[in-house]
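Observations on the three-dimensional arrangement
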Amino acid sequence: MTMYFNALNSESQAIKAVDPAAAAGQPAQTMTEKTLSQLITRTPRIPDGTGSDVALDEFAADLRPLLGAAAALAPYLAGLLAKEGAWLNEAVEAPQAALAAEIARTGSLAPEALAAGLRQGKRRVALLSAVADLGGAWSLEQVTGALTDYADAACAAALQSAIAALIRRGKLPGLSEDDIETAGGMTVLAMGKMGAGELNYSSDIDLICLFDENRYDISDFQEARAGLIKATRQMSATLSEITGEGYVFRTDLRLRPDPAVTPVCMGIEAAERYYESLGRTWERAAYIKARPAAGDRSVGEAFLETLRPFVWRRHLDFAAIQDAHDMRLAIRSHKGLGGPITLPGHNMKLGRGGIREIEFFTQTRQLIAGGRDPELRVRPTKQALATLARKGWVPQADADVLSDHYTFHRTVEHRLQMVQDAQTHSLPPTDEGFARIAAMMDMDVADFRRTLTDRLSAVHQLTEGFFTAGPLTRPAPAIPDHAFDTTILDRWPGYPALRSTRASEIFERLKPELLSRLARSDRPDEALLAFDRFLAGLPAGVQLFSLLRSNPQLADLLIRIVTVSPMLAEYLSRNAQVLDAVIGGDFFSDWPEEAVLVAALRERLEALDDYESQLDTARGWSREWHFRIGVHLLQGLIDAAEAGRQYADLARAVLVALKPVVEEEFARRHGPPPGEGAVILGMGSLGAARLTAQSDLDMIVIYDPRDVETSDGRRPLAARLYYARLTQALITALSAPMAQGRLYEVDLRLRPSGNQGPVATSLAAFDSYQRTQAWVWEHLALSRARVVAGPAPLSGRVEELRTDILSATRDRDAILRETAEMRGRIAAAKAPEGLLDAKIGAGRLQDIELFAQAGALLGAYSDCDVAGGITAAARAGLIGTRDAQTLIGAYEAIWALQAASRLISAQPLQADTLGDATQAFLLRVMNKACETDIGSDLETYMGALYADAERIISAGLKGAEVS
């Protein structure tokens, strides 16, 4: 196997040949190499009271103080010395040759010994480089180069082993063993510090895995793609899984294009299309350091050459300054690192004056001018600084200072990570911790603290000045002739979305048209305030403002959203990219129905590799469709009843597609569901297939273990416990807040025994409970129950049971009495919040739905719709046919108010606070629901509806037939 040895320094470059002993894994003395003892320039101090039990008698006397300090100060190094001390004792005689031999050894490891062999090699390289670092025997570049060289070799060995296994099993069509060395056309790009040859002691390795589609026939493409994805996963597992031997490198594959929806190994052409159309500035910066590290390097080099115009713009790209600055601010905000420099706990990588500041400064300068000057396209940070200075882009003094600080910062970072092999960049929070790191730096504690403060402050001052010095802003255009409050306009430049130069420039060109459209609204000042609230919550504006400039018709939709629906406006402010779909081909097309939604979501989820990404993708996907339904209702493309059906379709699609994903993840540990699985019984509005924009999901989980007592998995569970925990996992998958928010709140209180009962119920227990113990209100609830997800056989049996229970003969008086009593308890528990509270109160939604459930129970009506329940009440003689029609009409109108209100706010609306646009929207929705012009007095109309409904319900529950 041909190995890649990336020699980053002159000393390692001098070692071109390794003698036979070295080839066998033993260190060799070359003609020019010095021993480690000859290279030592410093020895860490050992603070009082610090010691180690590691035996060092076998080492030369002049090495023992260094090794003793290393073991005393760093438990991780002490452990390495205990395991690899014998190897180190020989390696110190020719450290570079020993390093080269250990790297070369990765290529000769047998498949069954690969994982253990790579971990042993990592221990040896980490130990040797740490000792050489602490003793000043190697420079920073030699240390990081050694770790990077081993990472390259380990990746190559792990990948080729995975590819070889697939080829020998015939899983990569058309390939033979001759293709193993080039990994079947697959290339591994090292990104970040690995790409630059700058790995630290406890660094992740960031990889992008691609393959050449042209290596395979079209008919073999899917099979080959699946095989290469498996090879990538196997490579990653070989490197990152923690075993008794430790791990090799934590592997991160998320820098690939759109990682939430793309596989871990993707085709070159697909990646090229992504960067051509969607690539962002931070991805351009990432590719400055990209380098083929394993697999077919010629494929990787060709890809990077194709990507050159994306990374290196031909013009002087000063806009990259603001993009990088925005990124810095975002990282600070996300990590909570925006405060002043205080040493305890300060992050040497991401904090003020840290490593990332120097890297951003350097990479941004490279992006600005690298398109015109290929000499600036270098990977290592210090080399890039030197080149920038030589070419006149950075003052020589600044480059020298930053390079020196970078070396010091990285050295401190290494000391922090050596202690416990922890992926940390934060300074210790305690005096004891500072004393340890100062001793490892061979510095006095006070001097160490002072030096840290001075260096961090100097880096911050130099780099912050570069990023915050922007060009002069253009003068604002004239405001249209109308009475806008200019104090509102004056505060816009301070909003997050307008702080970048690019966003500000685009918005200044866009603003006259926006103000003109706001001026044409019914109440311009009110519209301006609504738009101001939206703009204040918008975290970034370039994408949205550019879209509005290119598609002026979107401005009217945006203004309508922000003036009518604060909920939709808030979503849009955080997800402006959904407007791309608005101008696409199918945003305003007909509703695709539930089956199409399920297939679309399943396709998205199946393309992902990890559970968390699947959950977050489901959230983003669902919210996009949720937004579409809201816009359609807002624009009058659908009525409230249709919106309710579509929200329900969407919820069921999410449950149907996500439930197997949760079950599969749960089964990894506990085995597949025992017996016949579980179904989700939708209750309330979910069962009735009529949800609003803010509905919770009421449900019951019913399972049937049959005669299976425990699951069959690595950690088997009793069936009852299995389904209880699976239900909790499902609830978490739906309701846990993630990057894309939450899917739904889940309510299980309608299950048998309510909050006191188990979260999941067996079919047998559910049957027994419903027949012998259930309260009347629980049978009422069953009239709006529907199986929404789960295996068909069990779904059928649950539905048979539900229908059987609902068809049982009832005591009419008892049903009416208990329904009336429940109605009274509900009324006593909560009063309506005004006449526009459509849900709570006499004659309102909850009241009508309760009456419809009683009608369904007495009329043996098993469908779940309210209108059918009211009609059943008429057949049972509770109310007359005319009153049934009146009540159904009232319900549709009140439901329309509820659906529209929940699109606007989570709280009931108050008529005296409604703007003209909002009131017009409510009236339009209501008029469409009742098919009549109700005028402008919405409260009067609603009051009359409630009164009619309350009269009919009260009479019906008394058993009096009303004509």
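Definitions and limits used
- Residues numbered from 1 in each chain as written.
- Predicted model: local features only at pLDDT ≥ 70, side-chain atom pairs only at ≥ 80, totals over all residues.
- Heavy atoms only, no water.
- Phe/Tyr/Trp six-rings, centres within 6.5 Å; stacked < 30°, edge-to-face > 60°.
- Helix = DSSP H or I, 4+ residues; strand = E, 2+ residues; numbered from the N terminus.
- Buried < 20%, exposed > 50% of the residue type's maximum accessible area, 1.4 Å probe, protein only.
- Lys NZ or Arg CZ within 6 Å of the ring centre and 35° of its normal.
- Contact = heavy atoms within 4.5 Å.
- Core = buried A, V, L, I, M, F, W, Y, C linked by side-chain atoms within 4.5 Å.
- Salt bridge = Lys/Arg side-chain N within 4 Å of Asp/Glu carboxyl O.
- Pairing = 2+ DSSP bridges.
- Axes fitted to C-alpha atoms, helices over the stretch in contact; angles between N-to-C directions.
- Parallel < 35°, antiparallel > 145°, perpendicular 65-115°, else oblique.
- Left-handed = near helix turned anticlockwise from the far one by under 90°.
- Nonpolar A, V, L, I, M, F, W, Y, C, P; charged D, E, K, R; others polar.
- pLDDT = per-residue confidence, 0-100.
- Patch = residues over 30% accessible without salt bridge, like charges linked within 9 Å, V, L, I, M, F, W, Y side chains within 5 Å.
- Areas by Shrake-Rupley, 256 points an atom, 1.4 Å probe, with all protein chains shown as cover.
- Lys, Arg positive; Asp, Glu negative; His and termini not counted.
- Charge placed at Lys NZ, Arg CZ, Asp CG, Glu CD.

We now examine the packing of aromatic side chains. Inspection of the entire model under this criterion finds 16 aromatic pairs. Where Tyr-275 meets Tyr-287, the ring centres are 5.1 Å apart and the plane angle is 80 degrees; that geometry is what we call edge-to-face. Of the two residues, Tyr-275 sits in helix H11 (residues 268-278) while Tyr-287 sits in the loop between helix H12 (281-286) and strand S5 (291-295), which places them 12 residues apart along the sequence. Comparing Tyr-275 with Tyr-287 shows no difference in burial state: the two are buried. Ring centres 5.4 Å apart and planes at 70 degrees place the aromatic pair Tyr-722 and Tyr-723 in the edge-to-face group. One exposure class covers both Tyr-722 and Tyr-723, and it is buried. We note Lys-122 situated over the ring of Phe-249; from NZ or CZ to the ring centre the distance is 4.2 Å. The ring of Phe-434 has Arg-449 lying over it, and the distance from NZ or CZ to the ring centre is 4.0 Å.

A word on the environment of Ala-137. Inspection of the secondary structure assignment puts Ala-137 in the loop between helix H7 (114-134) and helix H8 (140-168). Each C-alpha atom of the pair Ala-137 and Leu-36 lies 6.7 Å from the other, and the pair is 101 residues apart in sequence. Aside from chain neighbours lying at most four places away, what touches Ala-137 is Leu-36, Leu-39, Ile-40, Ala-132 and Gln-142.

Counting residues in hydrophobic clusters, the biggest one holds 136 residues, and the most contacted among them are Trp-492, Phe-531, Phe-545, Leu-658, Phe-921, Met-926 and Met-942. Among the elements that take part in this core, helix H29 (residues 640-670) stands out by supplying 15 residues, more than any other. Not counting residues within four places of it along the chain, the set of residues in contact with Phe-531 comprises Trp-492, Phe-507, Leu-514, Leu-518, Leu-558 and Val-562. Within the second largest apolar cluster, 99 residues are counted, among which are Ala-130, Leu-228, Val-264 and Met-418.

Here we take up the pattern of salt bridges. Following the criterion strictly, the structure yields 52 salt bridges and no others. Here Asp-133 and Arg-42 are joined by a salt bridge, their closest N and O atoms 3.6 Å apart. Here Arg-42 lies in the loop between helix H3 (36-39) and helix H4 (64-73) and Asp-133 lies in helix H7, a separation of 91 residues in the sequence. We note a salt bridge from Glu-676 to Arg-797, for which the minimum N-O separation is 2.7 Å. On the criterion of sequence distance, the pair formed by Glu-676 in the loop between H29 and strand S6 (678-683) and Arg-797 in helix H34 (residues 792-806) is long-range, its members being 121 residues apart. Here the salt bridges do not stand alone but share partners, grouping Glu-84, Glu-102, Arg-105, Arg-123, Arg-124 and Glu-245 into one network.

Here the focus is the pairing of S6. For S6, a buried count of six out of six residues is recorded, marking the element as mostly surrounded by other parts of the structure. The alternating pattern of S6 places Ala-678, Ile-680 and Gly-682 and Val-679, Leu-681 and Met-683 on opposite faces, both of which are buried. Bridge count between S6 and strand S7 (residues 697-703): six bridges; the pairing is antiparallel. Note on S7: the bridge partner recorded for Ile-680 is Val-701. Bridge analysis of S6 against strand S10 (residues 786-789) gives three bridges, and the strand direction is antiparallel. Bridging from a neighbouring strand, Gly-682 pairs with Arg-786 of S10.

Quick look at the environment of Ala-302 now. With respect to the element layout, Ala-302 can be found in helix H13 (residues 297-311). Overall, the relative accessible area of 45% leaves Ala-302 in the partly exposed class. Along the chain, Ala-302 and Ile-268 lie 34 residues apart, while their C-alpha atoms are 9.8 Å from each other.

One can describe the packing of helix H38 (residues 881-904) onto helix H39 (residues 916-930) by two numbers: an axis separation of 8 Å at closest approach and a directional angle of 150 degrees. Judged by the inter-axis angle, H38 sits roughly antiparallel to H39. Here H38 and H39 pass one another in a crossing that is right-handed. Packed against H38, whose contacting residues are Glu-892, Ala-893, Ala-896, Leu-897, Ala-900, Ser-901, Leu-903 and Ile-904, the element H39 presents Thr-918, Phe-921, Leu-922, Val-925, Met-926, Ala-929 and Cys-930 at the interface. Partitioning the contact of H38 with H39 into residue classes produces 12 nonpolar, two polar and one charged.

Assignment of secondary structure puts Arg-690 in the loop between helix H30 (684-687) and S7. The buried category is assigned to Arg-690, whose relative accessible area is 17%. Not counting chain neighbours up to four residues away, the residues in contact with Arg-690 comprise Ala-641, Gly-644, Ala-648, Ser-685, Tyr-891, Glu-892 and Trp-895.

In this model, the protein carries a mean pLDDT of 85, and residues with pLDDT of at least 70 account for 89%. Here residues 1-30 is modelled with pLDDT under 50, and outside its nearest four sequence neighbours on either side it reaches 62 contacts, counting other chains as well. Across residues 469-482, where pLDDT falls below 50, the model places 18 contacts with residues more than four positions away in sequence or in other chains.

Direction vectors running N to C along helix H15 (residues 355-369) and helix H16 (residues 381-390) enclose 50 degrees, while the axes themselves pass 10 Å from each other. Judged by the angle between their axes, H15 and H16 are oblique. Considering the relative orientation of H15 and H16, their crossing is left-handed. Along its contact with H15, which presents Ile-358, Glu-359, Phe-361, Thr-362, Arg-365 and Gln-366, the element H16 presents Thr-381, Ala-384, Leu-385 and Leu-388. Tallied by class, residues from the contact of H15 with H16 come to five nonpolar, three polar and two charged.

A contiguous patch of positive charge on the surface is contributed by Arg-669, Arg-714, Arg-715 and Arg-725. Considering the arrangement of structural elements, one finds Arg-725 in helix H31 (residues 719-735). Among the residues examined, Arg-725 registers a relative accessible area of 39% and is labelled partly exposed.

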